[in-house]
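# Report on the structure
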Amino acid sequence: MEKKLFGAVLVICIGWFQAEAMTGATIMTSPEVNNATSATLSCNLTNPSSPIKGHYWVKNGKKIEESYSTNTDSYAEHFIEKADYHHSGIYTCVFLTEPQANATIEVKALPHIKASKSSENANEKDKAVLSCGSQGYPSPTDWSWFKLPDAGERTPIFNGTDDKYEIKSTPNKTTLYVKDLDINEDMGFYQCQGTSEVGTGTDDIQLRVRSQLAALWPFLGIVAEVIILITIIFVYEKRRKPDEINDDDDSGSAPLKSNSATNHKDKNVRQRNSN
């Protein structure tokens, strides 16, 4: 019983010492990047819990392989040549100690807003679906849609306006539904806008609305081609048949030269034998 009690106390003490070692280690990070052209991220570890065997960097939960180093220094840095939406995100420096020590640095950039299609086609009286997505960190906290006129200021579109528009948004995507399309009122350019704590990004989409009769033209064209083809075949057959009949009659009335010649020879042979 005493041995079990002693073992339990020993485990608790070891856990306490490990916790103290972990809390003793601190990492100073620099800087927090906010829409900069370039940046050098750095971490400085003090009071490590054990000797440092190396370090590496992680971006958005994925290890940056080329950043791995066996350097035992307590200082690590990572250079970002262009802090745009491609390279924005959450960076973590990881020191190879027991246990590992790590800290995070945020690299923020303007949201990169991109329409799923540069233009969208839809038929009159149908529904059009326009969508945009965002890339980069942080994600937009607010999405907006606008109708762009040929001249003048853009017109904001609000969700549920006259049952005409419906907007559905997530942090990384927004979708605009335009219902009961009118070829005169709804055709044109639309703009999606995403806003984050860093700033705002936009992109444009062109909506083309086709007349209800437009879908019939390909079908009518196919029907016309079939009718023309049938007519050509019918006229050709009508003109060809009389010629074939005439050719058959001529060949039937013509005497067979080989048969007539044979008959004459047989007649001459019979006359000579009688004599």
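Residues numbered from 1 in each chain as written. Predicted model: local features only at pLDDT ≥ 70, side-chain atom pairs only at ≥ 80, totals over all residues. Heavy atoms only, no water.

## Some thoughts on the state of the cysteines
- Across all of its chains, the model carries 2 disulfides by this definition.
- A sulfur-sulfur distance of 2.1 Å marks the disulfide that ties Cys 43 to Cys 93. Its S-S torsion of approximately -95 degrees makes the covalent link between Cys 43 and Cys 93 left-handed. Highlighted residues: Cys 43 in strand E3 (residues 39–46) and Cys 93 in strand E7 (residues 89–95), separated in sequence by 50 residues.
- Taking relative accessible area as the criterion, Cys 43 reaches 1% and is therefore assigned buried.
- Residue classification places Cys 93 among the buried positions, given a relative accessible area of 1%. (Disulfide = S-S within 2.5 Å. Helix = DSSP H or I, 4+ residues; strand = E, 2+ residues; numbered from the N terminus. Buried < 20%, exposed > 50% of the residue type's maximum accessible area, 1.4 Å probe, protein only.)

## Some thoughts on unusual backbone geometry
- In this model, Ser 30 is joined to Pro 31 through a cis peptide bond whose omega is -20 degrees.
- Relative to the helices and strands, Pro 31 resides in the loop between strand E1 (26–30) and strand E2 (33–34).
- With an omega of 0 degrees, the peptide bond between Tyr 137 and Pro 138 qualifies as cis.
- Within the secondary structure layout, Pro 138 lies in the loop between strand E11 (128–135) and strand E12 (142–148).
- Residues other than glycine seldom take positive phi values, yet Asn 47 does so here, at roughly 55 degrees.
- A residue is classified by how much of its surface remains accessible, and Asn 47, at 54% relative accessible area, is exposed.
- Phi at Asn 60 is positive, roughly 50 degrees, even though this residue is not glycine.
- In this fold, Asn 60 is placed in the loop between strand E4 (55–59) and strand E5 (62–69).

## With respect to the sheet that holds E3
- Sheet architecture is open: 3 strands sit in the order E1-E3-E6, paired in antiparallel fashion. Both edges of this open sheet fall to E1 and strand E6 (75–80), since each of them pairs with a single strand only. Neighbour-to-neighbour, the strand axes of the sheet open up by a mean angle of 15 degrees, direction not taken into account.
- In the sheet, E1 pairs with E3 via 5 bridges, with the strands oriented antiparallel. Residue pairing for E3: Thr 29 is matched across the bridge by Cys 43. (Pairing = 2+ DSSP bridges. Axes fitted to C-alpha atoms, helices over the stretch in contact; angles between N-to-C directions.)

## Notes on the side chain of Ser 88
- Within the secondary structure layout, Ser 88 lies in the loop between E6 and E7.
- When its relative accessible area of 4% is taken as the criterion, Ser 88 is described as buried.
- Within the structure, Ser 88 has its side chain in polar contact with the backbone oxygen of Tyr 85 (distance 3.1 Å).
- Leaving out residues up to four positions away in the same chain, Ser 88 has contacts with Lys 59, Asn 60, Val 107, Lys 108, Ala 109, Gly 136 and Tyr 137. (Polar contact = N/O pair within 3.5 Å; in protein donor to acceptor, adjacent residues only side chain to side chain. Contact = heavy atoms within 4.5 Å.)

## Concerning the sheet that holds E4
- In space, the 5 strands of this open sheet follow the order E2-E8-E7-E4-E5, with mixed pairing throughout. Single-partner strands in this sheet number two, and they are E2 and E5.
- Strand direction decides the pairing type here: E7 and strand E8 (residues 101–108), joined by 7 bridges, are antiparallel. From the neighbouring strand, Thr 92 faces E8, where its bridge partner is Thr 104.

## What to know about the pairing of strand E17 (residues 200–210)
- Bridge count between strand E10 (residues 119–123) and E17: 5 bridges; the pairing is parallel. When the bridges of E17 are listed, Asn 123 appears paired with Arg 210.
- Relative to E17, strand E16 (residues 188–195) runs antiparallel, the two being bridged by 8 bridges. Residue pairing across strands places Gly 194 opposite Gly 201, the latter belonging to E17.

Such coordinate-based values are descriptive only and should not be taken to indicate function.
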